Number of protein chains: 2
Amino acid sequence: MTYCVGLYLREGLVMLSDTRTNAGVDNISTFGKMQVEEVPGERVLAMLSAGNLAITQTVWNHLQEGVWVGGEKLTLRTVPSMFRAAQLVGQAVREVFAADGPALSAQGVSFDISLMLGGQIAGGPSRLFLIYSAGNFIEATIDTPFLQIGEHKYGKPILDRALEYGTPIADGVKLVLVSMDSTLRSNLTVGLPIDLLIYRTDSLEVGLRRRLTEDDPYFRMVRERWSAALREAYLRLPPPDWLPA
Amino acid sequence: MTYCVGLYLREGLVMLSDTRTNAGVDNISTFGKMQVEEVPGERVLAMLSAGNLAITQTVWNHLQEGVWVGGEKLTLRTVPSMFRAAQLVGQAVREVFAADGPALSAQGVSFDISLMLGGQIAGGPSRLFLIYSAGNFIEATIDTPFLQIGEHKYGKPILDRALEYGTPIADGVKLVLVSMDSTLRSNLTVGLPIDLLIYRTDSLEVGLRRRLTEDDPYFRMVRERWSAALREAYLRLPPPDWLPA
């Protein structure tokens, strides 16, 4: 399983992914699920992936080698806009489905993936997309400034409650770490370390890319303080007045 | 969809269920999912249900009319122990499966339910069970003092973090309300009003049974204060020291 979350904020993008993959509970490995293409001053694109690792790795390889679209072969380094980049990822997914789908189906393996693509290409705005296994996609907006893929439910309530498009990046980082922590605690198939990327709107370079391990002092502090704050918060709630003694 | 949660605490049991059912997004109704049998001084049993409503209502009717087990017809009012009560519920589930399973299957409807049974019968301890659609069941223990059925993920992190067997009932009530609130906010197919039952160990009578609507002042206060407390808690976290300005 996987948990990846992306924030679409006025100040920029925050993207976070875990690194655990599992083929059954007794075959657990660490694989990065964040891929980044950066041409400083010109473009930054980051892709997060969830689902069947053989499929998502193959999709990424197609994107590296180039995908034929309308008579030209494009990569994430040459595609002219973020919209076209999302289409390109979708096209790569469809190519993998065409090539591997029948064999997977014959083995009873579903073609089950989802991808997130965020970034900015010079001349256009910063954007964040979620690409489905059919190659179609949706985009984060001001109304719903976050997207999630994989095991998304445990980490959703805090985002539903606290996140807005105007949330500063520094606060967004705290929120995705809390969201990830809730998921890590409740689902063992989502695991540390985690990969964080920050992109500031119009910077056209990666703002920060950092792998956080179990020993990261900041992440540890967030986990401990958050648990303590929740316990404190519920203890501070008065008991119901209708509760019999 | 449904969300039901039960706490198994030293002081007693806390059980909470929502009331929303849906057959598609355009057919939404309110049905109680909490059934209670009480013989004051002798027994209290409460059953919560999730999944196909036609199945769970039929199971409850079987339990009311009596289920044949080992040559005798038993109901939740006559069964001699909580373990036997859980078996009886499982047996009722299997009878409904035997009667309705083939016809449901022919229509492509899965036999998909889960039930929670909590309570105490004089002479035995207070216990809390989760009964699956195969009629088998598990029991809450001191190590994991809560059970959930239905849409359980949104409301699990707070329980994972804060709940212990020794948590007082008054605090348990706050926790299940917070857990329900997280679920209500994130999944529209879980809906108000909600039904709460409290049972105090060895009292052998229902401690409290209360329906909480959207207008309930206490539940409103919990929802508002909890959201405010979460926002405050994350804002109080210091920003990462590795974050570039």
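Definitions and limits used
Residues numbered from 1 in each chain as written. Chains lettered and ligands numbered in written order. Predicted model: local features only at pLDDT ≥ 70, side-chain atom pairs only at ≥ 80, totals over all residues. Heavy atoms only, no water. Phe/Tyr/Trp six-rings, centres within 6.5 Å; stacked < 30°, edge-to-face > 60°. Helix = DSSP H or I, 4+ residues; strand = E, 2+ residues; numbered from the N terminus. Buried < 20%, exposed > 50% of the residue type's maximum accessible area, 1.4 Å probe, protein only. Pairing = 2+ DSSP bridges. Polar contact = N/O pair within 3.5 Å; in protein donor to acceptor, adjacent residues only side chain to side chain. Contact = heavy atoms within 4.5 Å. Axes fitted to C-alpha atoms, helices over the stretch in contact; angles between N-to-C directions. Buried area = accessible area lost by both parts, 1.4 Å probe. Salt bridge = Lys/Arg side-chain N within 4 Å of Asp/Glu carboxyl O. Nonpolar A, V, L, I, M, F, W, Y, C, P; charged D, E, K, R; others polar.

This paragraph deals with the packing of aromatic side chains. With the rule as written, the count across this model stands at 10 aromatic pairs over all chains. Taking the centre distance of 5.3 Å and the plane angle of 40° together, the rings of Y8 of chain B and Y165 of chain B count as tilted. Here Y165 of chain B lies in the loop between helix 3 (156–162) and helix 4 (169–186) and Y8 of chain B lies in strand 1 (residues 3–8), a separation of 157 residues in the sequence. Taking the centre distance of 5.5 Å and the plane angle of 85° together, the rings of F129 of chain B and F137 of chain B count as edge-to-face. We classify F129 of chain B as buried; its relative accessible area is 1%. Aromatic rings pair up to connect F83, F129 and F137 of chain A into one cluster.

Attention now moves to the pairing of strand 2 (residues 12–17) of chain B. Residue and element names in this part refer to chain B. Most of strand 2 is tucked away, with 6 of its 6 residues classed as buried. In terms of strand pairing, strand 1 meets strand 2 through 5 bridges, oriented antiparallel. Bridge pairing links C4 to S17 in strand 2. Here strand 1 folds back onto strand 2, and the loop between the two strands holds 3 residues. As paired strands, strand 2 and strand 13 (residues 194–200) are joined by 6 bridges and run antiparallel to one another.

Quick look at the side chain of N187 of chain A now. All names here are of chain A. Tracing the chain through its elements places N187 in the loop between helix 4 (169–186) and strand 13 (194–200). When its relative accessible area of 12% is taken as the criterion, N187 is described as buried. Here the side chain of N187 touches E151 through a polar contact of 2.5 Å, side chain to side chain. Among the polar contacts made by the side chain of N187, one reaches the side chain of T189 at a distance of 2.7 Å. Residue contacts for N187: discarding those within four places in its chain leaves M1, E151 and Y154.

To continue, consider the sheet that holds strand 12 (residues 146–150) of chain B. All names here are of chain B. One open sheet holds the 5 strands; their spatial order is 12-1-2-13-14, and the pairing between them is antiparallel. Of all the strands in the sheet, just strand 12 and strand 14 (208–212) have a single pairing partner and so form its edges. Recorded for the sheet is a direction-independent mean angle of 10° between the axes of neighbouring strands.

Another point: the interface of chain B and chain A. Residue-level contacts link 51 residues of chain B with 51 residues of chain A. Around 4,500 Å² of area is buried between chain B and chain A when both sides are counted, 66% of it from carbon and sulfur atoms. Among the residues chain B hides against chain A, the three largest losses belong to R161, Y234 and W242 of chain B. Together they make up 20% of the total. For the interface between chain B and chain A, the tally reads 4 salt bridges. On the surface where chain B and chain A come into contact, there are 22 residue pairs in polar contact (both at pLDDT 80 or more). Secondary-structure elements contributing two or more residues to the side of chain B that touches chain A are helix 3, helix 4, strand 13, strand 14 and helix 5 (217–236) of chain B. The element that contributes the greatest number of residues to the side of chain B that touches chain A is helix 5 of chain B, accounting for 14 residues. Split into classes, the residues belonging to the side of chain B that touches chain A amount to 29 nonpolar, 6 polar and 16 charged.

Moving on to unusual backbone geometry. Residues and elements named next belong to chain A. The residue after L192, namely P193, is reached through a cis peptide bond having omega -5°. Here D202, not a glycine, exhibits a phi torsion of approximately 70°, which is positive. Counting through the fold element by element, D202 comes out in the loop between strand 13 and strand 14 (208–212). Here D202 falls in the exposed class, since its relative accessible area comes to 57%.

Attention now goes to the pattern of salt bridges. Per the counting criterion, the structure on display carries 32 salt bridges over all chains. R77 of chain A is the partner of E37 of chain A in a salt bridge, and the nearest nitrogen-oxygen pair spans 2.6 Å. In this pair, E37 of chain A sits in strand 5 (residues 34–39) while R77 of chain A sits in the loop between strand 8 (72–74) and helix 2 (82–106), placing the two residues 40 residues apart along the sequence. Note on R77 of chain A: relative accessible area 42%, which makes it partly exposed. Notably, a salt bridge pairs R223 of chain B with D181 of chain B, separated by 2.6 Å at the nearest N-O pair. Taken together, the residues R223 of chain B in helix 5 and D181 of chain B in helix 4 connect sequence positions 42 residues apart. A single burial state applies to R223 of chain B and to D181 of chain B, both of which are buried. One salt-bridge network, in which partners are shared between bridges, spans R161 of chain A together with D181, R185 and R223 of chain B.

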